[in-house]
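Observations on the model geometry
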Amino acid sequence: MFDLNFYRGKRVFITGHTGFKGAWLCKLLSGAGAVVTGYGLKPPTAPSLFGLAGISRDVDSVTGDIRDYVTLKKAFDAAAPEIVLHLAAQPIVREGYKDPVGTYGTNVMGTVHILECVRESSCVKSFLNVTTDKVYRNREWVWGYREGEELNGFDPYSNSKSCSELVTHSYRDSFFADGAVAISTARAGNVIGGGDFADDRILPDCVRAASAGKKVIAVRNPYSTRPYQHVLEPLYAYLMIAGMQYMDRGYAGCYNVGPDESDCFQTGALVDLFVKHWGEGLSWENQADGGPHEANFLKLDCSKLKATFGWAPRWNLDRAVEKTVEWGKCYLSGGDVRACMDKQIQEFFGDGGVSWKAGCRDRT
């Protein structure tokens with residue numbers, strides 16, 4: 001396995017660090033001993049994982065909008081990063097329908113802005129743009145999409161992330177052809193895990209219903225198939241890609257990051273797993289409202305990531321849901337959610353030889 005000890009002392013700049021995935025990523029990098037600067041909006045939910053887990057103790061946190069190039073550039077130059085991980089995005093499909101202008105502004109021009117910072121920098125060696133499995137033109141195939149398939153997302157969110165990919169490719173070819181900076185994109189499937197409080201996501205809705213002692217009401221299509229995975233799976237892959245291309249630019253490219261085919265579940269089956277692990281008589285009911293267009297069937301072929309790095313998922317979906325429930329019950333009982341994160345990270349890596357120490361870079 002790729003050893004996270006690589007990041008000890010490395011200067012890392014993360015956009016979107018206050019979001020769900022960003023907070024977990026900051027925790028991982030802090031424990032690995034990295035010097036992290038995060039740039040993002042205030043946490044997108046209340047409560048938020050970023051606040052509950054005290055992530056601001058682990059990183060230098062700068063509040064700013066990715067669409068504000070002047071503020072971003074100032075924070076970027078002050079951090080002088082060696083590695084840049086771009087996560088800032090408007091990530092919700094339905095929100096993209098409500099606010100397409102804001103979605104394109106964040107997801108496309110935000111990518112332009114961070115790449116401009118990289119282009120004008122002399123210290124960056126590795127850049128990774130995190131996009132989504134929804135960048136592909138979805139033909140409802142029963143097999144997984146590969147990295148060479150057509151990029152053409154249907155809805156404003158998906159399409160804006162396709163555009164973000166194309167912007168990255170253009171900058172790579174136009175400004176980084178000399179190999180001075182290794183440039184990659186990572187296309188991840190749907191993630192679950194403790195601390196996701198976003199609206200219009202199935203497991204956060206499940207936790208909210210369970211905490212209120214109510215039946216889970218599923219308003220999305222329970223028959224849609226998605227590549228669900230625990231949030232630690234893609235985050236570890238991102239760090240592996242960024243680290244490996246830092247050491248050898250030959251690893252730069254585009255990578256799918258998703259679960260094995262056996263863990264591409266229908267949404268209804270995912271809720272079944274949640275109900276099983278939560279217990280306490282919890283049940284759910286399908287009240288699908290139709291809603292705007294979303295793909296019914298989507299999964300990824302991750303053969304390239306596996307063949308290139310020897311990577312493989314560590315937790316199947318049943319375990320991922322179990323850990324999501326564990327975190328949710330810890331939070332609802334007033335437990336130490338920061339310690340719960342540390343415990344789950346250590347369990348995730350197990351005896352795999354990965355160096356990670358909880359609280360290694362506490363900045364208080």
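Structural data are supplied above this passage.
These lines cover the structure that appears in this document, whether it is placed above or below. Source: prediction; values computed, not measured.

Within the open sheet, the 7 strands sit side by side as β3-β2-β1-β4-β5-β6-β11. Their pairing is parallel. Looking along the sheet, the strands with just one partner apiece sit at the ends: β3 (60-63) and β11 (254-257). Averaged over all pairs of adjacent strands, the angle between their axes in this sheet comes to 15 degrees, without regard to strand direction. For strand β1 (residues 11-15) and strand β4 (residues 83-86), the ladder comprises 4 bridges, and the chain directions are parallel.

Taken as a whole and judged by the stated rule, the model has 19 aromatic pairs. Judged by centre distance (5.3 Å) and plane angle (25 degrees), the ring pair of Trp141 and Trp143 falls under stacked. Pairing Tyr236 with Phe349 gives two aromatic rings, centres 5.4 Å apart and planes at 70 degrees, and the pair type is edge-to-face. With Tyr236 in helix α8 (residues 232-247) and Phe349 in helix α12 (residues 337-349), this pair connects stretches of sequence that are 113 residues apart.

Another point: the environment of Val325. Looking at the secondary structure, you find Val325 in helix α11 (residues 317-332). Residue classification places Val325 among the buried residues on the basis of a relative accessible area of 4%. When the C-alpha atoms of Val325 and Val337 are compared, they prove to be 12 Å apart, with 12 residues separating the residues in sequence. Setting aside residues no more than four positions away along its own chain, Val325 makes contact with Phe274, His277 and Trp278.

On the secondary structure map, Gln245 appears in helix α8. Take Gln245: its relative accessible area is 0%, and that puts it in the buried class. In terms of polar contacts, Gln245 uses its side chain to reach the backbone carbonyl oxygen of Phe127, at 3.1 Å. Within the local environment of Gln245, its side chain forms a polar contact with the side chain of Ser184, the two groups lying 2.5 Å apart. Not counting residues up to four positions away in its chain, the partners in contact with Gln245 are Ser126, Phe127, Ala182, Ile183, Ser184, Tyr251 and Ala252.

The interhelical angle for the contact between helix α1 (residues 20-31) and α12, taken along N-to-C directions, is 70 degrees, at an axis separation of 11 Å. As the angle between them shows, α1 and α12 are arranged roughly perpendicular. Here α1 runs over α12; the crossing is right-handed. The residues of α12 that touch α1, namely those facing Ala23, Trp24, Lys27 and Leu28, are Arg338, Met341, Asp342, Gln344, Ile345 and Phe349. Of the residues that constitute the contact of α1 with α12, the class distribution is 6 nonpolar, 1 polar and 3 charged.

Below, the discussion takes up the pattern of salt bridges. Scanning the entire structure with this criterion turns up 25 salt bridges. Between Arg208 and Asp205 there is a salt bridge whose closest N-O contact spans 2.8 Å. You can see Arg208 and its partner Asp205 sitting in helix α7 (residues 202-211), 3 residues apart, about one turn around the helix. On the accessibility criterion, Arg208 (32% relative accessible area) is partly exposed.

The rules behind each value
- Residues numbered from 1 in each chain as written.
- Predicted model: local features only at pLDDT ≥ 70, side-chain atom pairs only at ≥ 80, totals over all residues.
- Heavy atoms only, no water.
- Pairing = 2+ DSSP bridges.
- Helix = DSSP H or I, 4+ residues; strand = E, 2+ residues; numbered from the N terminus.
- Axes fitted to C-alpha atoms, helices over the stretch in contact; angles between N-to-C directions.
- Phe/Tyr/Trp six-rings, centres within 6.5 Å; stacked < 30°, edge-to-face > 60°.
- Buried < 20%, exposed > 50% of the residue type's maximum accessible area, 1.4 Å probe, protein only.
- Contact = heavy atoms within 4.5 Å.
- Polar contact = N/O pair within 3.5 Å; in protein donor to acceptor, adjacent residues only side chain to side chain.
- Parallel < 35°, antiparallel > 145°, perpendicular 65-115°, else oblique.
- Left-handed = near helix turned anticlockwise from the far one by under 90°.
- Nonpolar A, V, L, I, M, F, W, Y, C, P; charged D, E, K, R; others polar.
- Salt bridge = Lys/Arg side-chain N within 4 Å of Asp/Glu carboxyl O.

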